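Residue-level listing of the chains:
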Amino acid sequence: MIPEPTIDAMEAFLRETARFGNLYLSDEQEAAILDDLRSAGARLLGTTADAVAVVSGASEGLSQVASLLEPEDGTVVLVGSDFPSVTYPWLAAAERGGISLRFVDDRADRDLTRDLVEAIDPATVVVAFGVVQYATGTRVDVRPVADRAHEVGARVVVDATQLAGAGVVDMGAWGADALVTSGYKWLSAHGGVALLALAPDLVPRRPALVGWMGAEHPFAFDPLRLRLAETARRFQLSTMSYASATGLGSSIAMLSAVGFERIEGHARGLAASLIDRVAELGWRPFRPPDDPSAAPHIVSLRHADHDPAVTAERLASEFGIVCGGRGGGLRISLHVYNDGDDVDRLVVGLGDGLAVEAAQPVVRGPALHGDAERRHVRDLDRVVLAGEDRLRQVRADLLRVDVERGDERDVPDVVPAEVDVHQAGDAGGRVGVGVVLDALDQRRRAVADADDGDSHLTHAGSPSSSSGDVPCGQPADPAPSPG
Ligand SMILES: Cc1ncc(COP(=O)(O)O)c(C=O)c1O
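Residues numbered from 1 in each chain as written. Predicted model: local features only at pLDDT ≥ 70, side-chain atom pairs only at ≥ 80, totals over all residues.

## Here we look at the sheet that holds strand β5 (residues 155-159)
Ordered in space as β1-β7-β6-β5-β4-β2-β3, the seven strands form an open sheet in which the pairing is mixed. The sheet is open, and its two edges are formed by β1 (52-55) and β3 (99-104), each paired on a single side. Between one strand axis and the next, the sheet turns by 15° as a mean value, whatever way the strands run. Bridge count for strand β4 (residues 124-130) against β5 is five bridges, and the pairing is parallel. Counterpart to Ala128 in the pairing with β5 is Val157. Sheet contacts for helix α2 (residues 27-45): β1, β6 (178-182) and β7 (194-198); angle to β1, the most-contacted strand, approximately 120°. (Pairing = 2+ DSSP bridges. Helix = DSSP H or I, 4+ residues; strand = E, 2+ residues; numbered from the N terminus. Axes fitted to C-alpha atoms, helices over the stretch in contact; angles between N-to-C directions. Contact = placed C-beta atoms within 7 Å.)

The following block contains the structure:
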């Protein structure tokens, strides 16, 4: 999603252009829009401004790189389930002849980094991959791949679109030869702008595609001599979307101020809670969260009995939760604006929940009309409406807590709440039950503490408290669904 200050910056730019055209935009100011973004992009990606070009899409950048490197023969190593923008330039190159392609699988039972390293042999000329796989969230450790590739003289092309903005990108430390990121995914800007960064020895090469904005002096308009910029600016083509470029600069500034390690840590906390809580519902992540090759911000959940695409549709229509069915999994994206309430909603949605209100305002939709129910629901901190299976499970948990504690006193407090909301649910034509999550959570925690962390109680559907550690004050809208 796009933060408000970014929308404001874009809107201001567009309004100015709509009113005055270029009247108040000098050539220097126009050039500065992209130059400033190149500097910000360099800090973001761990390289220098001279090595960065602003392009209009990751696909453009990746195609530029493929043309720049286009080897006459040899093997290009790719990931078979990567985003098509990474593989298409090489499929096209293979069609033109000369090179062959080797695809490595992203398998849950294998380490993708190791498989990439092992796929490299003396015939390898290029290794190209997304550092975080868009469908599964598998993360590649770039350094060992680059080390092995460079041993055999191959180049490494990294698409960081699914990492930049959500975690640390460090092209220099990774040893990548070329790196691209789109601006409209985790970088939280609008489409039509992307960054391309090149290793120093690739910067002076002549791009396959050239445009007037790549000239050393674009505003000299010299049609007879091709004098390209000496920096990676030579890869810039045209009068691109300056509004998007302005927006990307704003979003990079905001995200950088929060800090990418912190953003990653936030996603890690949410992912751990989510994975823990959906386990009892039969949803498993593609890779366990403690696997170093599992990126925390993209969790791909799988279920033996549920089609992820169908579940994604149901979550969207019934709960307003946006996530995608991708690569055989339900892809959950966890960014800086998501919080524990979003995880609560998702957990209930993935259960047999029919509707959920996990945060204020708690009353919404026809199921909760009627004054009595409204009043009652408002009295509660957090209410979840769930189906009958879920109720049974929660009741069983409650009873187990009480039996183990020898304390049944609190059960009646919870059950009437369930009954009232149940009636409200019936009124809406659905069977629903209310569960007071905070009460349940507190009770579980108390038992877990007394019990020295008896894990089956804290684990079984225990809702995490809203973490409250969201670094950025964005509203807890549905999670984004990056491509
Ligand atoms: C990994 C990856 N690379 C590239 C793209 C496409 O970027 P663009 O539209 O800027 O070409 C996407 C879009 O989802 C993506 O996930």
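## A few points about unusual backbone geometry
With phi around 60°, Ser188 is a residue other than glycine that occupies positive phi space. Judged by C-beta crowding, with 26 C-beta atoms within 10 Å, Ser188 ranks as buried. Positive phi, normally seen in glycine, also occurs at Phe221, with a value near 50°. With 8 C-beta atoms counted inside 10 Å, the residue Phe221 sits in the exposed group. (Buried ≥ 20, exposed ≤ 12 C-beta atoms within 10 Å, placed from the backbone.)

## Observations regarding the confidence of the model for the protein
Reading fine detail from the predicted coordinates is not recommended where pLDDT is low. In this model, the protein carries an average pLDDT of 80, and 73% of its residues clear a pLDDT of 70 or more. Per-residue pLDDT stays below 50 along residues 353-388; that stretch engages in 93 contacts with residues further than four places along the chain or on separate chains. In the predicted structure, residues 453-482 sits below a pLDDT of 50 and forms 85 contacts with residues beyond four places in sequence or in another chain. (pLDDT = per-residue confidence, 0-100.)

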